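Remarks on the overall topology
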Amino acid sequence: MVEVDVKYIYDPDGQLDIEIIPPSPLQHITTDWGARDSNWFFDFPASARAVSFFLESSKIYKEQGVTFDGVIALNINVLESILETVGEIELPDFDLVINEDNFLREIQKEIETSRDRGIDYPKRILQVMTPTIMERLENLTENQRRDLTEKITTHFDYKDISVFSEDDRISHFLSNFNLDGAVYSLPSSFWGGYLAVVNANIAGGKSDVFVKQSIDAWLDISSEGGVISDVLVKRVHKGDQEEESWYRATNKNYIKVFTGPGSELIFVDGNNARKRVFRDYEFLGDYKNYEDWALIEETEIFFNNYNVWKTEEFGKNVFGTWFNVEAGEERSLSLRYETPAANSFSLSSGKVFQFVFDRQSGVDTSLKVTVNAPLGYVWEESGLPAFIYETDNPEKRVVFDITLEKRGVGEFIEVDTELY
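To start, this report covers the structure provided alongside it. Since the structure is predicted, the reported quantities are computational estimates derived from the model, not experimental observations.

Attention now moves to the overall build of the protein chain. Secondary structure assignment for the protein chain yields 10 helices and 20 strands. Taken over the C-alpha trace, the protein chain has a radius of gyration of 24 Å; the compact-globule value for 420 residues is 22 Å, and the two agree within 12%. Seen along its three principal axes, the alpha-carbon backbone of the protein chain occupies a region of about 80 × 60 × 50 Å. By the burial criterion, 46% of the 420 residues in the protein chain qualify as buried. Counted over contacts in the protein chain with a minimum sequence separation of 6, partners at least 24 positions apart contribute 72%. Accessible surface, the protein chain: about 21900 Å² in total, of which carbon and sulfur atoms supply 47%.

Rendered as structure tokens:
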């Protein structure tokens with residue numbers, strides 16, 4: 001590594017030569033789009049390309065002819081693991097000692113209070129810390145290197161780290177090992193269920209760190225092979241007792257549920273009704289669309305009776321809506337949708353049903369999935385009409401295959417009543 005340069009994201013954004021129309025939900029808080037909000041796509045390669053586009057369009061880099069060959073995203077807990085390995089860092093200028101336990105809280109406090117004090121560079125604390133961290137990483141013992149490597153591997157498993165490269169060979173390698181944070185690409189012969197729940201905090205303070213989420217999904221398969229899915233998303237905001245106002249803020253959340261292609265909405269309950277901001281960009285200046293997002297917005301359909309926007313993104317049907325949770329509250333969002341089977345589909349013993357869940361990076365969530373077989377069938381793996389998958393902490397991608405087994409008339413299934 002030749003050089004490490006820590007910048008405040010508003011530095012390049014403040015010197016953008018272009019004016020880009022942001023996605024509609026972001027128009028509640030900003031007129032123009034920039035690098036600060038460019039991690040908008042659930043597909044990380046798409047977000048990485050957006051980050052590079054905005055940075056390269058800024059005078060800070062454009063005038064120097066700087067381009068970006070890759071983008072790496074790290075969650076806070078990755079930095080906490082690094083601090084756990086390299087040890088605490090004393091910052092006399094800030095009267096602080098930073099370690100893995102207080103890193104997030106102290107950094108956010110310094111940034112928020114710096115703004116209140118009118119300091120021009122609220123993230124200077126990160127500039128001060130970084131050289132010390134890099135120096136200690138270069139001088140790790142063999143045991144420390146081994147320990148950190150194990151932690152980093154686990155972070156990759158849970159999508160705490162995503163890597164994008166413009167180089168085709170590197171990109172192919174990252175994709176093969178599922179290191180690029182890309183949305184799963186369903187095969188053309190896919191029969192099954194796909195699910196991803198994606199949250200975007202829009203003017204919700206720093207409340208995400210105190211929000212715990214659970215996802216429950218029930219998939220009922222018809223005799224024709226179609227699937228009716230019920231998804232229940234519960235979010236609990238536990239920041240009500242925190243001293244800092246940015247933790248007690250209402251978690252203003254634009255939530256998207258990614259489903260299989262062809263899925264059609266049946267109903268939604270528990271979401272917030274919020275009017276969309278409509279700005280007449282023709283009269284605001286020389287605004288342009290960001291092509292990747294404009295193509296998605298062209299597919300948008302609004303369900304007025306449910307306050308839900310449907311889009312097509314990365315080969316998936318997506319249902320988006322507002323789902324806000326106030327501090328100290330628990331709220332639930334329910335969705336039901338139907339995914340038809342292919343026209344040539346035929347049900348039979350030995351047919352394999354696949355379920356795929358893509359996790360959103362950085363969200364504290366649990367997952368429970370129940371798949372109910374068609375009438376007259378059981379799942380070979382459970383010996384029952386229902387197959388249940390459950391985890392408190394899903395990895396970045398959960399994939400399981402289950403196989404149909406036909407039960408003849410008069411056959412009985414022995415059931416362990418203690419399970420019910």
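Next, the rest of the story.
With that settled, consider the environment of arginine 407. Along the chain, arginine 407 turns up in the segment after strand 20 (397-406). In sequence terms arginine 407 and tyrosine 377 are 30 residues apart; their C-alpha atoms lie 5.5 Å from each other.

The next point concerns helix 8 (residues 168-176). Capping the start of helix 8, aspartate 167 holds a side-chain oxygen 2.9 Å from the backbone nitrogen of arginine 169, two or three residues further along. Looking one or two residues beyond helix 8, the residue adopting positive phi is asparagine 178, at roughly 55°.

Ordered in space as 12-13-14-9-6-16-20-18, the 8 strands form an open sheet in which the pairing is mixed. In the strand order of this sheet, the two ends are held by strand 12 (301-303) and strand 18 (377-379), each with one partner. Strand-to-strand twist in this sheet, taken as the mean axis angle between neighbours without regard to direction, amounts to 25°. Looking at chain direction, strand 6 (residues 192-201) and strand 16 (residues 352-358) are connected through 4 bridges and run parallel. Its bridge partner being in strand 16, glycine 192 is matched across the sheet by glutamine 354.

A separate point is the sheet that holds strand 7 (residues 211-221). As a general point, the strands of a sheet are linked pairwise by backbone hydrogen bonds and lie either parallel or antiparallel. Spatial ordering of the open sheet is given by 10-15-8-7-17-19, a layout of 6 strands whose pairing is mixed. The two strands at the open ends of the sheet, each matched to only one other strand, are strand 10 (264-269) and strand 19 (386-391). Each strand of the sheet is rotated relative to its neighbour by a mean of 10°, with strand direction disregarded. By the bridge criterion, 11 bridges tie strand 7 to strand 8 (residues 227-237) in an arrangement that is antiparallel. Bridging across to strand 8, lysine 212 finds its partner in valine 236.

Of all 7 residues in strand 16, 6 are buried; the element is thus mostly enclosed. Across 7 bridges, strand 16 lies against strand 20 in antiparallel orientation. Note that in strand 20 the partner of phenylalanine 353 across the bridge is isoleucine 402.

Now for helix 2 (residues 44-57). Between its first and last C-alpha atoms helix 2 spans 20 Å; for 14 residues at 1.5 Å apiece the expected length is 20 Å, and the two agree. Most of helix 2 sits inside the fold, with 11 of its 14 residues counted as buried. When we look at burial in helix 2, the residues that qualify are Phe44, Pro45, Ala46, Ser47, Ala48, Ala50, Val51, Ser52, Phe54, Leu55 and Ser57. Buried residues belonging to helix 2 abut helix 1 (10-13), strand 1 (19-20), helix 3 (59-62), strand 2 (70-74) and strand 5 (161-165).

Further remarks concern the side chain of glutamate 112. Within the secondary structure layout, glutamate 112 lies in helix 5 (residues 103-116). Relative accessible area serves as the criterion here: at 13%, glutamate 112 is assigned to the buried category.

Here the focus is the pattern of salt bridges. Overall, the coordinates contain 20 salt bridges when judged by the stated rule. The partner of glutamate 242 in a salt bridge is arginine 105, and the shortest N-O contact between them spans 2.9 Å. Taken together, the residues glutamate 242 in the loop between strand 8 and helix 9 (245-248) and arginine 105 in helix 5 connect sequence positions 137 residues apart. For glutamate 242, a relative accessible area of 18% gives the class buried. The salt bridge involving lysine 151 is made with aspartate 147; its shortest N-O contact spans 2.9 Å. Taken as a pair, lysine 151 and aspartate 147 lie in helix 7 (residues 142-157) at a separation of 4 residues, close to a single helical turn. The exposure class assigned to aspartate 147 is partly exposed, which follows from its relative accessible area of 32%. It is possible to trace a salt-bridge network through shared partners that takes in Asp13, Asp32, Arg36 and Asp37.

Reading the values: rules and limits
Residues numbered from 1 in each chain as written. Predicted model: local features only at pLDDT ≥ 70, side-chain atom pairs only at ≥ 80, totals over all residues. Heavy atoms only, no water. Helix = DSSP H or I, 4+ residues; strand = E, 2+ residues; numbered from the N terminus. Rg over C-alpha atoms; globule rule 2.2 N^0.38 Å. Buried < 20%, exposed > 50% of the residue type's maximum accessible area, 1.4 Å probe, protein only. Contact = heavy atoms within 4.5 Å. Areas by Shrake-Rupley, 256 points an atom, 1.4 Å probe, with all protein chains shown as cover. Polar contact = N/O pair within 3.5 Å; in protein donor to acceptor, adjacent residues only side chain to side chain. Pairing = 2+ DSSP bridges. Axes fitted to C-alpha atoms, helices over the stretch in contact; angles between N-to-C directions. Expected span 1.5 Å × (residues − 1). Salt bridge = Lys/Arg side-chain N within 4 Å of Asp/Glu carboxyl O.

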